[in-house]
Amino acid sequence: MEQWLDFAKGPLFTFAFLFMILGLFRHVVLQIYYLIVRKGKRLRNAPWKKIILDTLSWVVPVKHFIPGTAFFSSASFLSHIGVILVPVFLADHIVLWEGFLGLNLPSISSGFADVLTLFTIVCLIILFCCRLFVGRQRAMSGTMDYLILIMVFLPFASGFLASHPKMNPFSWDMMMLTHILSAEVLFIMIPFTKLAHIVLFFFDRISGLHWQLRPGAGDKVADALFGKEARV
Amino acid sequence: MRTKIYPIKDILWFLAFLGLMSGIFRMWFGLGVTTNMVDSIPWGLWKILNMVAGAALATSGFTIGMLYYVFRIKLFKPLVVPSVVIAFLGYGSSLFSLLFDIGLPWRFWIPFVSWSPHSFLYEVFWCVSLYWAVTAFEFTPSLFDRFKSEKAARILHGMGFGAAVLGISLSSLHHSSLGSLFLVTPQRLFPLWYSSLLPLFFIISAMGAGMMFMLLLRILYAHFYDPEPVFGPMPKEGAITCSLDGTPVKATGSGKDMPMLETLAIIAVSILGVYLALKISDLFINGSWKYLTAGTWESWLYIFELLIGTVIPILLVALPKSRRSPTGLGIAALSASAGLVLNRLDVGIIGYFRDAGFVYFPSFSEWTLCLGIISATILVFLFFVENVSVFDENWKTRHVAKGIFSGSFDNLTHVLKSVLSETAQRVTLIAVISIPFAWIIQYPPYHESKNDATIVQPSIGLDALRKSLRIDGNRDGVFADFPHYEHQNRLGGEESCNNCHHLFLPGDKSTPCFRCHRNMLQSTLIFDHTLHVSAVADSEGFSGLHPENYTCKVCHTEGSVKTASNAKSCLECHNRDMGLADVKDSSLDISYATSYQRAMHGTCIKCHDLKAEELHKDQLNKCFICHKSLTPKDNLIDKMREPKLLLVENVRSESD
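1. Some points on the overall build of chain B
Scanning chain B for helices and strands turns up 28 helices and 5 strands. Counting the 656 residues in chain B, one finds 32% classified as buried. Sequence-distant contacts in chain B: of pairs separated by 6 or more residues, those separated by 24 or more amount to 67%.

Printed below as a string of structure tokens:
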């Protein structure tokens, strides 16, 4: 178990983390490349102010709530607070930052981190249930949507249990290994799934410029969504 | 047509990124950690394969230039530009790999200003860098073609003859000098490969096999991009050698370029034939044929090398049937090129380092950097082939398939589908996968324990009672014989142990040096956390389900993050059992032990410096006092053993 933990903390972690960073960086580079190379002319007259304000308005999306999905949307928004704050600013993780990159970040207190973690876990469970039981969301959800929620849930739950040995029914080593491995799987998933919105979010509004549908684009969308048979 | 090259390009990009990472690690951590080279093996794969063999394969630049400009064989006109591109890229990559091979890469320009004309390598350096400049000059017209600057192109084309002649003289100079490099070490190189004709062998083989390499590239180009001139007209207009479902379409007859390629092959194998004849007659004249019949693996290697380097190409080209088929010519060319590379490896590494003490096998970093540079060179070559008029002047009219944008609205990922069509997306995806992979495979600290050369071995007793010790931590042959018993006696018997043995493992007495200073070149962490956790649990008498979980607060301050900085100082517990009773500073950190080399040097030299001053023996703190293997036999070291001679030596040096 000791060797497994060392391997997961050392080479495997580096691999996953580097993979995530490079993968996200690749998205940024490709976005900028395509914007400049393909849409150079359009960018010149782009309404930058509107784009930036629009992007900012989606950071706290209260304006964009639709009455029927307000509960789902707010749970989704609130879960982001814990998902961003806890992994980065948790005191135990600050030590990792310092060890790897020499960064000296401020940390949140462990009590606050516990509250945030539990809050995030509750939000994730609500999201999962919404997707599973509410008809509208169920219709929109694919396998990957459920998988993403589970994969975000796992490191939080296992991390919480690992840091509270009294509530932990399993051994500490086992929990820690689950925590690290699930986080690493999540890292590797990030660049290739919807989770890439970590960086792509900032290009979301600009990509309005991308939209220039070709003839027959609607059919392609239908093909991709429902398969060719559906159309016939 | 170009889709066939895609998987090959992907592999090349992957290797190139692996090479990029090993290049970064080589610059970051140094040669000692990333390569398997040691003091007795001062060069390895990079120098021989990338530099010597790479430059030899790129000789077509001057051989084709010679055939076209000097002998006026107009037949070879279509090969002039590609041969120059090959020379430019081959020499460029050779010089680039040399940057990683030399110890202080940022001082590569020193030979330009600090002249040392007696050195072969100095001449090689000058010729190679000048020749590279010449090939760059020869290559520029093609670039001007690309940018439609016809006037500049015409002027530069006109200067081609002068550049070619300059290139020919420079090439013939440095190729023979590379051979001369091995000429000066007859005692090291295996007799089969050693010969006073080495410079001649090097240049002749490079000329013959260089042409064959050119031929190989021409046929490969035809295979991947433009089959008609070589493989003959295709069955259908605009069809491809490989149809959509993957079945090959047979070509009919042979193309218009085949006569030229056949002529080139005949010239090349005649040169290789001369080379073979010279080599065999040299064996008999030198009398080293007895090594050939000795049946050792060297003799088999030598036979194999001659077989693939010369005999197979000569046979394949001599037979009319295989000569007239592009595939036969391609195999002959491949075999000759491989033979040339093998020859350089034999002379430079396999036959050369036989007395080095152990077998040199390149480390993973060496392989990846070597292959990475080669891959990057091929990619640049492909870039030129696709974007500049290298092989044919009609490249503009050829259909160049742009990456096809397939609007893939994938409801899961939106990434994977479009990745396969766009070059930028493909390449970046390969980078994202290969760089982390290269990191975990090559990052040196992950592989410290596997690098045996830096792990310290205990000293060797020179007699049964270990009165005299041979200190050779990494067993690389540079040792120091240490009269341990004599030092003990001279410094005051048992009482004197603490002079050198400054720290013991808990409960031990006079712990040997290598138990803590475990790495030859790097500091070692000797603090074992796991061991401490269980030992503290035992000594404090913890019990229950998880006894070891209670131990944290014994050393770490409660309520804070547990790091080394807020842990208890070592001396709070270990003030008695590790021989540190005299140390006053209670915060002394003993968790790291310096490198073995530094520990040995520090301890010995400090005392020897003092004694040299005290006893007025100014030789006492010199290197060869301990490292007797570093000095030639007739040096001062023998005289040092006889006090009288030493005096004479001292007097002489004073009078000087």
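Next, the rest of the story.
2. Points about the overall build of chain A
The helix and strand inventory of chain A stands at 11 helices and 0 strands. Secondary structure elements of chain A occur, N-terminal to C-terminal, as α-α-α-α-α-α-α-α-α-α-α. Each principal axis of the C-alpha atoms in chain A carries an extent, and together these give about 60 × 40 × 35 Å. Classification of the 232 residues of chain A by burial places 18% in the buried group. At a minimum sequence separation of 6, the contacts of chain A that also span at least 24 residues come to 65%.

3. Details of the packing of helix α1 (residues 6–29) of chain B against helix α17 (residues 364–387) of chain B
Residues and elements named next belong to chain B. Closest axis-to-axis distance for the α1/α17 pair is 7 Å, and the angle between their directions is 130 degrees. In terms of orientation, α1 and α17 fall into the oblique class. As α1 packs across α17, the resulting crossing turns out to be left-handed. Residues Lys9, Leu12, Trp13, Leu15, Ala16, Leu18, Gly19, Leu20, Ser22, Gly23, Phe25 and Arg26 of α1 pack against Ser365, Thr368, Leu369, Leu371, Gly372, Ile373, Ser375, Ala376, Ile378, Leu379 and Leu382 of α17. Classifying every residue of the contact of α1 with α17 by side-chain character gives 14 nonpolar, 7 polar and 2 charged.

4. Quick look at the confidence of the model for chain B
Residues and elements named next belong to chain B. In this model, chain B carries an average pLDDT of 79, and 83% of its residues clear a pLDDT of 70 or more. For residues 396–420, every residue scores under 50 in pLDDT, and the model assigns this stretch 38 contacts once sequence neighbours within four places are set aside. Long-range and interchain partners of residues 632–656, a stretch whose pLDDT sits below 50, account for 10 contacts in this model, where long-range means more than four residues apart. Scored as a complex, the prediction yields pTM 0.71 and ipTM 0.78.

5. Some details on unusual backbone geometry
Residues and elements named next belong to chain B. Phi is positive for Arg72, close to 60 degrees, though the residue is something other than glycine. Classification of Arg72 as exposed rests on a count of 8 C-beta atoms within 10 Å. Backbone geometry at Arg466 places phi at a positive 55 degrees, although glycine is not the residue there. Mapped onto the elements, Arg466 comes out in the loop between β1 (460–461) and β2 (469–471).

6. Focus: the interface of chain B and chain A
Chain B puts 22 residues into the contact, and the matching count from chain A is 27 residues. Broken down by element, the residue count for the side of chain B that touches chain A peaks at 9 residues, all from helix α19 (residues 423–442) of chain B. Of the residues contributing to the side of chain B that touches chain A, the split by class is 12 nonpolar, 9 polar and 1 charged.

7. Regarding the sheet that holds strand β3 (residues 480–482) of chain B
All names here are of chain B. Judged by pairing direction, the sheet is antiparallel, and its 3 strands sit side by side in the order β1-β2-β3 without closing on themselves. Each of the sheet's edge strands pairs with one partner strand only, and the pair in question is β1 and β3. Of the pairings in the sheet, the one linking β2 to β3 comprises 3 bridges and is antiparallel in character. Counterpart to Leu469 in the pairing with β3 is Phe482.

8. Considering the nonpolar core
All names here are of chain B. Judged by nonpolar contacts, the single largest core of 129 residues is most densely connected at Phe17, Val85, Met212, Leu215, Ala265, Ala268 and Ala333. With 18 residues, helix α10 (residues 198–224) is the single largest residue contributor to this core. If sequence neighbours within four positions are ignored, Ala333 has contacts with Met212, Phe213, Leu215, Leu216 and Ile219. With 9 residues, the next largest nonpolar core counts Val456, Ala480, Met520 and Tyr596 among its residues.

9. Description of α10 of chain B
Because the α-helix completes a turn every 3.6 residues, residues three or four places apart line up on one side. With 27 residues, α10 of chain B should reach 39 Å at 1.5 Å per residue; the first-to-last C-alpha distance of 37 Å fits that figure. Most of α10 of chain B sits out of view: 22 of its 27 residues are buried.

10. A few points about the environment of Gly330 of chain B
Within the secondary structure layout, Gly330 of chain B lies in helix α16 (residues 326–350). Sequence-distant contacts of Gly330 of chain B, defined by excluding residues within four places in its chain, comprise Leu216 and Ile219 of chain B.

11. Digging into the environment of Tyr6 of chain B
With respect to the helices and strands, the residue Tyr6 of chain B is situated in helix α1. For the pair formed by Tyr6 of chain B and Arg426 of chain B, sequence separation is 420 residues and the distance between their alpha carbons is 9.7 Å.

12. Quick word on the environment of Val124 of chain B
Residues and elements named next belong to chain B. Its location among the elements puts Val124 in helix α7 (residues 120–146). Residues Val124 and Leu531, spaced 407 residues apart in sequence, show a C-alpha to C-alpha distance of 57 Å. Ignoring sequence-local partners within four residues, the contact set of Val124 consists of His174, Ser177 and Leu178.

13. As for the packing of helix α3 (residues 70–89) of chain A against helix α5 (residues 110–133) of chain A
When two helices pack together, their arrangement is given by the angle between the helix axes and the distance between those axes. Residue and element names in this part refer to chain A. Contact pair α3 / α5: the axes reach a minimum separation of 8 Å and the direction vectors enclose 145 degrees. The element α3 and its partner α5 pack so that their crossing is left-handed. The segment α3 lies against α5, with Phe72, Ala75, Ser76, Leu78, Ser79, Gly82, Val83, Leu85 and Val86 engaging Ala113, Leu116, Thr117, Phe119, Thr120, Cys123, Leu124, Ile126, Leu127 and Cys130. Residues of the contact of α3 with α5, tallied by class, amount to 14 nonpolar, 5 polar and no charged.

Definitions and cut-offs
- Residues numbered from 1 in each chain as written.
- Chains lettered and ligands numbered in written order.
- Predicted model: local features only at pLDDT ≥ 70, side-chain atom pairs only at ≥ 80, totals over all residues.
- Helix = DSSP H or I, 4+ residues; strand = E, 2+ residues; numbered from the N terminus.
- Buried ≥ 20, exposed ≤ 12 C-beta atoms within 10 Å, placed from the backbone.
- Contact = placed C-beta atoms within 7 Å.
- Axes fitted to C-alpha atoms, helices over the stretch in contact; angles between N-to-C directions.
- Parallel < 35°, antiparallel > 145°, perpendicular 65-115°, else oblique.
- Left-handed = near helix turned anticlockwise from the far one by under 90°.
- Nonpolar A, V, L, I, M, F, W, Y, C, P; charged D, E, K, R; others polar.
- pLDDT = per-residue confidence, 0-100.
- Pairing = 2+ DSSP bridges.
- Core = buried A, V, L, I, M, F, W, Y, C linked by C-beta atoms within 7 Å.
- Expected span 1.5 Å × (residues − 1).

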